[in-house]
Amino acid sequence: MNKFKTMFLAGTVAAAMMAGGISAFAVETEADEKPVYEMDLVLETAKPIAAALRGFMLDESIKQFDEAGLSFLDECDVSLNCPLIAAAQKNEDGTFTVFGELCTYNYKLDGADLKFVSSWEPAAVITLSKESDVSFVVDDVKYLPEGEAFADAVDEVCVQMGADSDFFLNYLPDSEEPALLAEFLRFANENPNVQTIEVRGEQMTVGGAADEVAMFINGLL
């Protein structure tokens, strides 16, 4: 793994710990034209952008159930939303554009156990604007096409935003489960009655989730 990918993954984990799954922002440098991290931008925007994206993702999940003729509240009790951001930029008009995967996982609560219902992991380019110093609103979302056109669409967006398409296609997926488990730990901390989550067809405890997240982080150091 090259230096950029290592830096990016480390940024993903650091930001995930404070924002529930959102990774570091990349910007272009004039010196070598390689993406680097603007940590002030990360610290300023990661948490409120993640909050805005999680709210948007919940609304989209509810909308999907409605379009399928189902009631979200009947089918699900909990939606864990994990935005995985591969790149971001601040625009001249003061808005922000981010690119990544919007990973949504829906569950039914069975006693102390979260039982898997459905998931959705689209790649998207999202434009957000600041409502205040501590909150953002989603202005526009463009989903990338699926199938054969997907890789070309990723390449095009990554060129525009100074991101690494190889990382997005081959390494970002490794962050999906750790991000889900980190979001589950955040949820379980706020809801101590919840003790397990269904992952890969089996129930994983809070302790097991914490161990998996720790192993993922340790593997990057």
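Nothing here was measured: the structure is a model prediction, and the numbers come from that model. (Residues numbered from 1 in each chain as written. Predicted model: local features only at pLDDT ≥ 70, side-chain atom pairs only at ≥ 80, totals over all residues. Heavy atoms only, no water.)

## Overview of the packing of aromatic side chains
And step 1. Applying the stated rule across the entire model yields six aromatic pairs.
And step 2. When the ring of Phe99 is compared with that of Phe168, the centres are 4.6 Å apart and the planes differ by 20°; the resulting orientation is stacked. Residue Phe99 is found in strand S4 (residues 96-110), and its partner Phe168 is found in helix H5 (residues 165-170); the two are separated by 69 residues along the sequence. One exposure class covers both Phe99 and Phe168, and it is buried.
And step 3. Judged by centre distance (5.4 Å) and plane angle (50°), the ring pair of Trp120 and Tyr143 falls under tilted. Of this pair, Trp120 sits in strand S5 (residues 113-120) while Tyr143 sits in strand S7 (residues 135-143); the two residues are 23 residues apart in sequence, bridging distant segments of the chain.
And step 4. Residue classification places Trp120 among the partly exposed residues on the basis of a relative accessible area of 23%.
And step 5. Residue Tyr143 is classed as partly exposed on the basis of its relative accessible area, which comes to 34%.
And step 6. Aromatic ring contacts, followed pair by pair, group Phe99, Phe150 and Phe168 into a single cluster. (Phe/Tyr/Trp six-rings, centres within 6.5 Å; stacked < 30°, edge-to-face > 60°. Helix = DSSP H or I, 4+ residues; strand = E, 2+ residues; numbered from the N terminus. Buried < 20%, exposed > 50% of the residue type's maximum accessible area, 1.4 Å probe, protein only.)

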